[in-house]
Amino acid sequence: MPKKTFFHLSKDKQDTLIQCAKKEFSRVPLHEASIANIIKAAGISRGSFYQYFEEKEDLYYYLLNQSSQKNNERFIAALKEKNGDLFEAFIVSFQFMIQNHTNQEHKNFFRNAFLNMNYKTEKTFTNNIYEENRNSQLLAIFSLMNTENLNIQGERELQHILKIIIAVTFDNLIQVFVKDLTYEEALKNYSEQMDLLKRGFKKIQ
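The structure reproduced in this document is the subject of the present report. (Residues numbered from 1 in each chain as written. Predicted model: local features only at pLDDT ≥ 70, side-chain atom pairs only at ≥ 80, totals over all residues. Heavy atoms only, no water.)

1. Concerning the overall build of the chain
In terms of regular secondary structure, the chain is built from eleven helices and zero strands. Helices and strands in the chain line up, N terminus first, as α-α-α-α-α-α-α-α-α-α-α. With the principal axes as the frame, the chain shows a C-alpha extent of 70 × 35 × 30 Å. Counting every position in the chain, which comprises 205 residues, the buried fraction comes to 45%. Long-range contacts, defined as pairs at least 24 residues apart, comprise 66% of the intrachain contacts of the chain with a sequence gap of at least 6. When the accessible surface of the chain is summed, it comes to about 11800 Å², and 50% of that surface belongs to carbon and sulfur atoms. Charge centroids of the chain, computed over 27 positive and 25 negative side chains, lie 2 Å from each other. (Helix = DSSP H or I, 4+ residues; strand = E, 2+ residues; numbered from the N terminus. Buried < 20%, exposed > 50% of the residue type's maximum accessible area, 1.4 Å probe, protein only. Contact = heavy atoms within 4.5 Å. Areas by Shrake-Rupley, 256 points an atom, 1.4 Å probe, with all protein chains shown as cover. Lys, Arg positive; Asp, Glu negative; His and termini not counted. Charge placed at Lys NZ, Arg CZ, Asp CG, Glu CD.)

Below, the structure written as structure tokens:
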């Protein structure tokens, strides 16, 4: 996370540093990224950079966390729009995420993130959608969900469903980059998998 001094900067200066960092992380993966390139583009000294962030990793994960936060806010909006239908809300959110990748810099940023995945990266992506400590956003999601059409018994099973759908969603996002899928291909695969989850895997005799 940024140091307090970063938040004391004007919004313009914050945005400039963030955009320069995103450009660098779009060019190469985190381990190859250069602080020198970021500070040169942002027009700041190396000393100033370290007043705002401990290392480039802190800046990188801050960017991922901000993206995750925005995705979660959009998911909550989709849940409201779809009257609490969990599956429809995930599909709407997925559509938005893959549509966003038409911007080449944005696409490269997430390609580098997904193709160089580690536990911390995955945790950052999913942390704002589901957290074990039942934060306010998770409670908001629970309160908006229409559970009448879900075959569940209690909140614990609801949490399991969320985890399963998030895992499927995450895997499909990775496939967008690994296989360089088109929007249509990615949405078709995801919709088919979501439909399978809705129907269940085992026939009831």
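2. Focus: the layout of surface pockets
Regions of empty space are outlined by a rolling probe, equal in size to a water molecule, passed over the atoms. Size it by volume and the second largest pocket reaches roughly 460 Å³. Phe87, Asn151, Ile161, Leu197 and Lys198 are, among the 18 residues lining the second largest pocket, the residues nearest its centre. Looking at the lining of the second largest pocket element by element, the count peaks at five residues for helix H10 (residues 155-178). Among the residues making up the lining of the second largest pocket, the classes are represented as nine nonpolar, four polar and five charged. (1 Å grid on protein atoms, 1.4 Å probe; cavity = no way out; pocket = protein on both sides within 12 Å on 5 of 7 lines; lining within 4 Å. Points joined across faces, edges and corners; volume = space filled by probe spheres on them. Nonpolar A, V, L, I, M, F, W, Y, C, P; charged D, E, K, R; others polar.)

3. Considering the packing of helix H7 (residues 104-115) against H10
Closest axis-to-axis distance for the H7/H10 pair is 9 Å, and the angle between their directions is 115°. Judged by the inter-axis angle, H7 sits roughly perpendicular to H10. For the element pair H7 and H10, the recorded crossing hand is left-handed. Between H7, through Lys107, Phe110, Arg111, Phe114 and Leu115, and H10, the contact on the second element is made entirely by Phe170, Leu173, Ile174, Phe177 and Val178. Of the residues that constitute the contact of H7 with H10, the class distribution is eight nonpolar, no polar and two charged. (Axes fitted to C-alpha atoms, helices over the stretch in contact; angles between N-to-C directions. Parallel < 35°, antiparallel > 145°, perpendicular 65-115°, else oblique. Left-handed = near helix turned anticlockwise from the far one by under 90°.)

4. Details of the packing of aromatic side chains
Counted by the stated rule, this structure contains 16 aromatic pairs. On the basis of an interplanar angle of 70° and a centroid distance of 5.0 Å, the ring pair of Phe25 and Tyr60 is categorised as edge-to-face. With Phe25 in helix H2 (residues 11-27) and Tyr60 in helix H5 (residues 56-81), this residue pair connects regions lying 35 residues apart in the sequence. Residue class for Tyr60 comes out buried when judged on its relative accessible area of 4%. Consider the rings of Phe109 and Phe110, whose centres lie 5.1 Å apart with planes at 90°: the pair is edge-to-face. Look at Phe109 and you get buried, because its relative accessible area is 3%. Exposure remark for Phe110: the relative accessible area of 4% places this residue in the buried category. The rings of Phe25, Tyr60, Tyr61, Phe109, Phe110, Phe114, Phe170 and Phe177 are connected pair by pair, giving a single aromatic cluster. For the cation-ring pair, Lys22 lies above Phe109, with the distance from its terminal atom to the ring centre recorded as 5.6 Å. (Phe/Tyr/Trp six-rings, centres within 6.5 Å; stacked < 30°, edge-to-face > 60°. Lys NZ or Arg CZ within 6 Å of the ring centre and 35° of its normal.)

5. Some words on helix H6 (residues 86-99)
Compared with the 20 Å implied by 1.5 Å per residue over 14 residues, the 20 Å span of H6 between its first and last C-alpha is a close match. By the burial criterion, the buried members of H6 are Leu86, Phe87, Ala89, Phe90, Ile91, Ser93, Phe94, Met97 and Ile98. Residue Asp85 occupies the N-cap position of H6, its side-chain oxygen lying 3.1 Å from the main-chain nitrogen of Phe87. (Expected span 1.5 Å × (residues − 1). Polar contact = N/O pair within 3.5 Å; in protein donor to acceptor, adjacent residues only side chain to side chain.)

6. So, the nonpolar core
Grouped together as the largest cluster of nonpolar side chains are 61 residues, with contacts concentrated most on Phe25 and Phe90. Once residues lying within four places of it in the same chain are set aside, the contact partners of Phe25 are Leu30, Ala33, Ile38, Lys56, Leu59, Tyr60, Leu63, Phe109 and Asn112. (Core = buried A, V, L, I, M, F, W, Y, C linked by side-chain atoms within 4.5 Å.)

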